[in-house]
Structures are given as C-alpha cells and as structure tokens.
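# Understanding the architecture of this molecule
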Amino acid sequence: MASWDWQLYCTDMVTEEVAPKCFGAPGYETYLDAMIHGWGWTMFVSVVGLLVALVAGSLIGVLRTVPNRKLAMFGESWTELFRNIPLIVQVFIWYHVVPRLFPVLDLPPTILVVIAIGLFTSARVAEQVKAGILTLPKGQRYAGQALGLTLPQTYRHVLLPMAFRIVIPPLTSESMNIVKNSAVAFAVSVPELAQFALQASEQSSFVQIFLPVTLLYFVSAYAINRVAKGIEWYVRVPGILGAK
Amino acid sequence: MKKALLVLALGAALVGVAQADTLKKIKDTGSVTMGVRESSGALSYTLGDGKYVGYHVEICQKVLGDVQKQLGLSKLDIKYLPVTSQNRVPLVQNGTVDIECGSTTNNMTRAKDVAFAVTTYVEEVRIAVKADSGITSIAQLNGKTVATTTGTTSVQLLRKHERANGVDFKEVLGKDHADSFLLLESGRADAFVMDGQILAGNIAKSRNPAGFKIVGEVLSVEPIAIMVRKDDPAFKKAVDDSIKGLMKSGEIAKLYDKWFTQPIPPTNTKVGLPATAATKDAWANPNDKPVEEYAKK
C-alpha cells in the first residue's frame, strides 16, 4: 500500500501546489477547503431537509389521527405518495419535471433537493407520529375532551406531549438517515460531499479521499444521534417509558 | 537436476527474448493481440459479440496488415482483448497485449513504462453552448454557469482558466457526460466544457443538434496515440512506418472521415467532428511528442 501523504490535504486542487495554510489560505482551494465546503452543503441539505420533514411530517401524522375523515384521508394519501416512490426518482421529479410544469417552482437546485428529501422523509415521520399517537390509550383523548378541551387543545396538551416522547428513538434514526440520504443530491449537481469525493479522488488518491469522507458522514450522523439522545434525556418523564 | 535448471533458464531466456521482440513473437506464433476499448467514442468501441471497431481499431488492422506483409506471413490471427484505463499500461508491459488501439493520451508518466506510435488523433478541450446564446469565447462566460463532468481532468482545467484569466463563473458538475449535457440543454448551465469528441457526440445524439455549437478557444490539447511495448524499436518502427504511410497517402484522412463525419454503426448516427487543425498538423508532421510538449506552445 502506498504511504499516507498528509500534505495532500494542504495541496491546492487546481495547481497541485502546497498552500501556505491547510485551511482557508486566500487565493488557494486546498483539498481540505473543498472537503469542508462539500460537507457544509451536505449538512445544509440534511438540516434544512430535516426541518421540512419534521414540520410536514408532524402535521400529516396528526391529520391521520383526527376524527374528520377527509383530513385523515388527505394525510393517508400524502404518506402513501411520498413513501412508495424511490428517493432518487423523487429528487429527479422535483429537479427535472416540477420546474417545467410549474415555472413558479423554478427554484435553485439546492432548494429543490431540500424539498424532495424533506417531503420523502416527512412521510416516514408522519408514520411514526401517527404510531405514537395511536399508542396512547383512547381514554386519554376522551378524558381531554370530557374536561371541555377543544380538539386542538386535546392534541396540544394531552396527546402530543406523550406521543412525541414515545417516538423520539425512531425519529432519531430518521434524522440520521437524512444525512446519509443527502448523498443523492450529487445526482442533481449539488456540490456536496459525495461529489467532492468523486472529483477529488479521481485527481489524487481514492483511499486518501474516501476514508476521511466516510469518517465525516459517520461523525455527522453520530452527532445527530447524540443530540437526539440528549433531547430524549432532557424531556424524559420520571416513571414513564423506562425513565427514572 | 542441473540439466533441468539449465533447460528452465534457457526457456526463460527464450521467453524474455520473445517478449522484447514483438515482431519475432508474431512471426513465431502467427498471432497478435490487439488491446481495444469497450466504449471510447468513435476511436475504439464494441458492437457486441466480441466485435471491435473504430478509427484506431481500423488503423491498427491496416498496420498489422503491413506487419504481416513485412514478415511474409500467409496468415495472421488477430486476437482482440478489451482493456480499461486502469489495466491497459500493465497489459502492454507484461506482453499480454502487443498493440493497444484505444484512446490513450501520450504523456511522460506513461512513456516511462510503454512506447507510443506517432500521434494519430489530437483531442481538444472545447466549449459547447446553445447556438443562440451569442457566446463565442471563454471571456464571455463571466458570471455564467459552466457545466463539466465530475471526475474528469476538465474540472481542474476549467478552474485553472478561471484563475489565470480572472473570469468568474459558477461551476456545476454533472454526474456523467450525458448529465452535463442535460444541464446545458435544460438551461441550467450556459456552457459545457469537455473533450471535443464527447461534446460533438452528445450534440449529435441530442434532439436538436442544430441548437448547439462548439465555440471558443481550445482550452487544452492532448495527443492520443496507439501504444506499444517499450524498448522494442523494431516493432515501433514497423508500426510508425505503416502509420506514416497512411498519413502520406492521405488514407488516414479518409479513415478519419469515415468514423467522425459519416454515420457509424451500430445506430448509424454521426459524431460530426471534422478533423481539427491540431489533428491535421499531427498527420502532416508525424511525431510522438507527449502532452507535456504540446502544453509548452
């Protein structure tokens, strides 16, 4: 095996010269600069996509459990639509098809990818939120309404606080998945980490580029896992769901 | 025991000689192995069923015809062996392939391991734009979006030009050539920078070939040549002489037209890339200069 060349990361990607500083030297773009830049895009797509997924997913998940049949049907259709089409196909539809049909939606590619990944994941989040709500005994809903709370109030103060606590573990997995799924953005020319890896490795060394990129993906997903664990611990209710 | 060793040593010496002397190997075995590519544009590609065709494949067939005459062989069996970018140099080096007819750039790194025949094709990196865009040079790309393909040398080249000329454009990388072309076609990019042959091929295959143009400066020039074993001057001379003969008689220009401007199998579409000035220059003044010497000009 070839020896590990640490200097590669401080080398300019265009001129192959060694930069005075490994990171952020003006007038240079080192392999390290480009990798961090690519990672920035990966995290942007993941984090914003996750926000879209959580907001839309929670809303749809709640709709699927309300007594109103039409609203519930809407929620069900949403979930089935976004759950039964492969992610890469959804990304292509948002990128290639939607802007042609609706010129208003001719947005920057990054935004379209965020929407695609966000809505794809929202279906999965909705499924979990619904499961969380249905886990609660029916009596809780009736008790809330017997107390004179309106339906929204029942959800806000009685059902959702417990339902969300129950589904934190599967939501954590979903949040980690979105970091890994963000690599499909490469297919529509978003300059994220996977694209960096393919270009940079072709110019230099496959081993020396793919190993740190793999590590970055791992660290990013694991960081989300730790944050979620922290939230789970912070909002625990003593005596319930195994919390002490 | 000693005798056996002697025989072994003798055998090894014979094999060694046979490998260094390709002409003798061809004469003794009555066969030759041609390295070809599965899909290197019109230079060398497969039609399936072990059939290989293309500009370089046809040149090699003519060259081997001359070699057969030179050796006075009544029959020469040509074996075709598909090679890849990764294994082509080692296979020529170790004697598996006698003559590689693909799309190999003649550069100084490779010249340490193998030899190149005189350059038969010069690749130019160019800019493709929409015909109605009004763009005619790289300077006009200032502030525009430029597409190229992930994992190619064009990416580095493009960035180099951007810095050297102080032009500031937005770079967008397609995942493959077809994807990069789609970026241009759909208007997400204003230009597509790539090898001229690939640009021409994509334009030819598009829905509206008249809607695109190849314009502007040549961003880089790369001599593409047929590869043979190093340190085998007799075989290299035989190959070079044969190719120079094609160049002198003008037959090479006809071969070029057949593969690059006429409809070619399997779909009978045209690549539509007339010979460039650089390619014609290589035919007029046969040489085996590596890419580094082209860059100096």
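Since the structure is predicted, the reported quantities are computational estimates derived from the model, not experimental observations. (Residues numbered from 1 in each chain as written. Chains lettered and ligands numbered in written order. Predicted model: local features only at pLDDT ≥ 70, side-chain atom pairs only at ≥ 80, totals over all residues. Heavy atoms only, no water.)

We now examine the overall build of chain A. When helices and strands are tallied, chain A shows 9 helices and 0 strands. Its helices and strands taken in sequence order, chain A reads α-α-α-α-α-α-α-α-α from the N to the C terminus. Relative to the 2.2 N^0.38 estimate, which gives 18 Å for 244 residues, the radius of gyration of chain A is 22 Å and therefore markedly larger than a compact globule would have. Seen through its C-alpha atoms, chain A measures out along the principal axes to roughly 75 × 50 × 35 Å. Across the 244 residues that make up chain A, the buried fraction comes to 46%. For chain A, restricting intrachain contacts to residue pairs at least 6 apart in sequence, the fraction spanning at least 24 positions comes to 62%. When the accessible area of chain A is evaluated, it comes to approximately 12,800 Å², of which 71% is carbon and sulfur surface. Averaging the locations of the 17 positively and 14 negatively charged side chains of chain A gives two centres separated by 24 Å. (Helix = DSSP H or I, 4+ residues; strand = E, 2+ residues; numbered from the N terminus. Rg over C-alpha atoms; globule rule 2.2 N^0.38 Å. Buried < 20%, exposed > 50% of the residue type's maximum accessible area, 1.4 Å probe, protein only. Contact = heavy atoms within 4.5 Å. Areas by Shrake-Rupley, 256 points an atom, 1.4 Å probe, with all protein chains shown as cover. Lys, Arg positive; Asp, Glu negative; His and termini not counted. Charge placed at Lys NZ, Arg CZ, Asp CG, Glu CD.)

Caution applies to low-pLDDT parts of the model: their predicted coordinates are not meant to be read in detail. Residues and elements named next belong to chain B. Here chain B averages 88 in pLDDT, while 93% of its residues score no lower than 70. Of the regions scoring below 50 in pLDDT, residues 13–18 engages in 1 contact with residues more than four places distant in sequence or in other chains. As a predicted assembly, this complex carries a pTM of 0.75 together with an ipTM value of 0.80. (pLDDT = per-residue confidence, 0-100.)

Here we take up the packing of aromatic side chains. Residue and element names in this part refer to chain B. Under the counting rule described, the total for this entry stands at 17 aromatic pairs over all chains. A ring pair is formed by Tyr55 and Tyr256, whose centres lie 5.5 Å apart and whose planes are at 80 degrees; its orientation type is edge-to-face. Highlighted residues: Tyr55 in helix α3 (residues 55–71) and Tyr256 in helix α10 (residues 251–260), separated in sequence by 201 residues. Across the pair, Tyr256 and Tyr55 agree in class, each one buried. Positioned over the ring face of Tyr294 is Lys289, at 5.7 Å from the centre of the ring. (Phe/Tyr/Trp six-rings, centres within 6.5 Å; stacked < 30°, edge-to-face > 60°. Lys NZ or Arg CZ within 6 Å of the ring centre and 35° of its normal.)

Looking now at the pairing of strand β8 (residues 121–130) of chain B. Residue and element names in this part refer to chain B. Most of β8 sits inside the fold, with 9 of its 10 residues counted as buried. As paired elements, β8 and strand β12 (residues 212–229) share 9 bridges and run antiparallel to each other. Looking at β12, one finds that Val122 is bridged to Pro223. The pairing of β8 with strand β11 (residues 191–195) spans 5 bridges and is antiparallel. Residue pairing across strands places Val129 opposite Ala191, the latter belonging to β11. (Pairing = 2+ DSSP bridges.)

On to the environment of B:Phe169, then. Within the secondary structure, B:Phe169 is located in the loop between α6 (153–165) and β10 (170–174). On a C-alpha basis, the gap between B:Phe169 and B:Val155 in space is 13 Å, while along the polypeptide they are 14 residues apart.

A surface patch of nonpolar side chains, about 490 Å² in accessible area, is lined by A:Ile88, A:Val89, A:Ile93, A:Val97, A:Leu101 and A:Phe102. Topologically, A:Phe102 is positioned in the loop between α3 (87–101) and α4 (109–135). (Patch = residues over 30% accessible without salt bridge, like charges linked within 9 Å, V, L, I, M, F, W, Y side chains within 5 Å. Salt bridge = Lys/Arg side-chain N within 4 Å of Asp/Glu carboxyl O.)

All names here are of chain A. For the coordinates displayed, the defined rule picks out 2 disulfides over all chains. Two residues share a disulfide in this structure: Cys10 and Cys22, whose sulfurs sit 1.9 Å from each other. Disulfide Cys10 to Cys22: torsion about the S-S bond roughly 80 degrees, handedness right-handed. One end of the pair, Cys10, is in the segment before α1 (31–63); the other, Cys22, is in the segment before α1, with 12 residues separating them in the sequence. (Disulfide = S-S within 2.5 Å.)

Attention now goes to the nonpolar core. Generally speaking, nonpolar side chains in soluble globular proteins are found buried as a group. In this structure, A:Val113, A:Phe196, A:Ile209 and A:Val213 are the most contacted members of the largest nonpolar core, which totals 50 residues. Those elements that provide at least two residues to this core are α1, α2 (69–83), α3, α4, α7 (168–181), α8 (193–203) and α9 (206–234) of chain A. With 9 residues, α4(A) is the single largest residue contributor to this core. A:Val213 has contacts with A:Met35, A:Leu193, A:Phe196 and A:Ala197, leaving out every residue within four places of it along the chain. B:Ala42, B:Cys60, B:Ala238 and B:Met247 belong to the second largest nonpolar core, which has 46 residues in total. (Core = buried A, V, L, I, M, F, W, Y, C linked by side-chain atoms within 4.5 Å.)

Residues and elements named next belong to chain B. The strand order across the open sheet formed by 3 strands is β2-β3-β4, and the pairing between neighbours is antiparallel. Looking at which strands have only one partner, the edges of the open sheet turn out to be β2 (39–40) and β4 (51–53). Of the strand pairs in this sheet, β2 and strand β3 (residues 44–48) are connected by 2 bridges, and their pairing is antiparallel. Pairing of Ser39 across the sheet is with Tyr45, part of β3.

Before going further, it helps to spend a moment on the environment of A:Pro20. All names here are of chain A. Counting through the fold element by element, Pro20 comes out in the segment before α1. It is 25 Å that separates the C-alpha atoms of Pro20 and Pro191, two residues lying 171 residues apart in sequence. Ignoring any residue separated from it by four or fewer positions in sequence, one finds Pro20 in contact with Ala25 and Tyr28.

Before going further, it helps to spend a moment on the side chain of B:Arg229. Residues and elements named next belong to chain B. Along the chain, the position of Arg229 falls in strand β12. Among the residues examined, Arg229 registers a relative accessible area of 7% and is labelled buried. A polar atom in the side chain of Arg229 sits 2.9 Å from the side chain of Asp98. (Polar contact = N/O pair within 3.5 Å; in protein donor to acceptor, adjacent residues only side chain to side chain.)

Residue and element names in this part refer to chain A. Between α1 and α8, the shortest axis-to-axis distance is 8 Å and the interhelical angle comes to 155 degrees. Viewed along their axes, α1 and α8 adopt a mutual orientation that is roughly antiparallel. For the pair α1 and α8, the contacting residues are Tyr31, Ala34, Met35, Gly38, Trp39 and Thr42 in the first and Leu193, Phe196, Ala200 and Gln203 in the second. Partitioned by chemical class, the residues of the contact of α1 with α8 number 7 nonpolar, 3 polar and no charged. (Axes fitted to C-alpha atoms, helices over the stretch in contact; angles between N-to-C directions. Parallel < 35°, antiparallel > 145°, perpendicular 65-115°, else oblique. Nonpolar A, V, L, I, M, F, W, Y, C, P; charged D, E, K, R; others polar.)

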